[in-house]
Amino acid sequence: MMSGVQHPTPPPDPGRLAAGAPPGIEVRAHVPLARHTYLRIGGPARYFAEPHTLDDVARLIAWARALPVAVRVLGGGSNILVADEGVDALVITLRRACGATRFDGTRVTAGAAVMLPALARAAAAEGLSGLEFAIGIPGSLGGALQTNAGIGDGRSIGPLLDSVEVLGTRGTRTLPRAELRFGYRESSLRGAGVMVIAATLQLGTRPRVAIEAEMRRLLAARGASQPTAQPNAGSVFRNPPGDHAGRLIEAAGCKGLTVGAARVSELHANFIVHDGHATARDVAALMHLVHQRVLAHAGVALVPEVEWWGPAPAPPAFPAPPAPQDD
Ligand SMILES: Cc1cc2nc3c(=O)[nH]c(=O)nc-3n(C[C@H](O)[C@H](O)[C@H](O)COP(=O)(O)OP(=O)(O)OC[C@H]3O[C@@H](n4cnc5c(N)ncnc54)[C@H](O)[C@@H]3O)c2cc1C
């Protein structure tokens, strides 16, 4: 007979304190990123920090430049595939430094780390409409702006933007909407060498009950069509013009396809799920297999929506990203 002894969940591995970090800022070395990503996959970051102030963020960036080591900003971790080997970078989360929300009439200014569902709920409580579509998108405002997060009916975060505050090599600047470009799952903030610090959105008014009813409807639709109970990173591939990646993947016979412990969801073919044991290698290999099958079946070369975080060259599923430019 089994003893029935429960094995406690191991405590999170916080890494060890990094030597030589800027005074007063806790920087940890070799911090596993799996627990910071929705896919629950990912090796260690060389350095990891949760600065409390914008001044500390700027000091961390200067420290990293001097080392030198690359800097990556982590939002909700809902759109990244982190390599099993980890990332050779200083990974910064802004959740302590950029987590405030302030309403002013029909405008809301929120820190980059504010999560979209929380922002949508806060706006609803003020009777402010526009963010209903964002209720089921588990990303931060900063992450959403750099990819122009949105839903299938065409609503996205970009059109709501009034201005965005960014931190780059020239310090902090406010960019008006007119200086930015947003397209389908892309924005000029991506690869621009800046960190989003905060943004001001222009919302409209609508009765709170109507806003909340729409958000409930959107969440129910997600619950019915997406594998919410298993680790995943949302849609793996972008929709090609005039079609849906999920439809193409299903038509190519890929539902249920597996590599290692990674599997194409039977519920939604554009989602890759796993039982907690898949590696980044499994997911990347499965993406490549799906890409090849859709190419052979429909002649369409799917483009990943999920971003690769890891050593170069990226696995074949990920075409080379545009070279980052300093602002
Ligand atoms: C279950 C599920 C459902 C999803 N549904 C949708 C959906 O309906 N629509 C949709 O568009 N997406 C969807 N996604 C994908 C994801 O939520 C979005 O792409 C989201 O915008 C990513 O934000 P994040 O904060 O998690 O970014 P992360 O995954 O943490 O990072 C993604 C990229 O954004 C960068 N970034 C993050 N914060 C900042 C910042 N402050 N400044 C500059 N760059 C930054 C990162 O460096 C990285 O390059 C879904 C994901 C999941 C897991």
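Here the residue numbering is sequential within each chain, running from 1 through the sequence in written order. Restriction of local features to residues with pLDDT of at least 70 applies here, the model being predicted, together with a cutoff of 80 or more for giving and counting side-chain atom pairs; totals for whole chains, interfaces and linings are based on all residues.

Right, let's talk about unusual backbone geometry for a bit. Going from L67 to P68, the amide bond is cis rather than trans, its omega being -10°. Between A312 and P313 the backbone carries a cis peptide bond, its omega angle lying at -5°. Helix and strand assignments come from DSSP, with helices taken as H or I runs of at least 4 residues and strands as E runs of at least 2, each series counted from the N terminus. Position of P313 relative to the elements: it lies in the segment after β19 (307–309). With phi around 60°, R40 is a residue other than glycine that occupies positive phi space. The residue R40 is located in the loop between β2 (27–32) and β3 (44–49) in this model. Residue classification places R40 among the partly exposed positions, given that 18 C-beta atoms sit within 10 Å. Its identity is not glycine, yet N148 carries a phi of approximately 50°, on the positive side. Field definition: a residue is buried when 20 or more other C-beta atoms are found within 10 Å of its C-beta, exposed when 12 or fewer are, and partly exposed for counts in between, with C-beta atoms placed from the backbone.

All right, on to the sheet that holds β3 then. The rule for pairing is simple: two strands pair if DSSP sees at least two bridges between them. Taken in spatial order, the five strands line up as β1-β2-β3-β6-β4 in an open sheet, and their pairing is mixed. The open sheet has two free edges, formed respectively by β1 (16–17) and β4 (70–74), since each of these has just one partner strand. Relative to β2, β1 runs antiparallel, the two being bridged by two bridges. Bridge pairing in β2 links R16 to A29. Here contacts are defined at the residue level, using C-beta atoms placed from the backbone and a cut-off of 7 Å between them. In this analysis an axis means a line fitted to C-alpha atoms, helices contributing only their contacting stretch, and an angle means the value between N-to-C directions, from 0 to 180 degrees. With respect to the sheet, helix α1 (residues 54–66) is in contact with β3, β4 and β6 (87–93), its orientation differing from that of β6 by roughly 170°.

Let us now look at the pairing of β3. For β3, the buried fraction is high: five of the six residues fall into the buried class. Two strands pair when backbone bridges link them, and β2 and β3 are joined in this way by five bridges, in the antiparallel orientation. Within β3, the residue paired with A29 across the bridge is Y47.

For the rest of this paragraph, the subject is the site of the ligand. A molecule or strand has a residue near it when that residue's C-beta atom, placed from backbone coordinates, lies within 6 Å of it. Neighbouring residues of the ligand: 30 residues in total, closest G75, G139, G142, G143 and G234. Listing elements by their share of the shell around the ligand, those giving two or more residues are β4, α3 (141–147) and β14 (195–202). In terms of residue count, α3 provides more of the shell around the ligand than any other element does, five residues in total. Gly counts as polar in this scheme, as do all residues outside two lists: the nonpolar Ala, Val, Leu, Ile, Met, Phe, Trp, Tyr, Cys and Pro, and the charged Asp, Glu, Lys and Arg. Split into classes, the residues belonging to the shell around the ligand amount to 14 nonpolar, 14 polar and two charged.

The start and end points of each domain follow an automatic or database-based domain assignment. Structurally, the protein chain comprises domain 1 (16–93), domain 2 (101–211) and domain 3 (227–309). Domain 1 and domain 2 are separated by 24 Å when their C-alpha centres are compared. Across the contact, nine residues belong to domain 1 and ten residues belong to domain 2. The element contributing the most residues to the side of domain 1 that touches domain 2 is α1, with three residues. When the residues that make up the side of domain 1 that touches domain 2 are grouped by side-chain class, the tally is five nonpolar, four polar and no charged.

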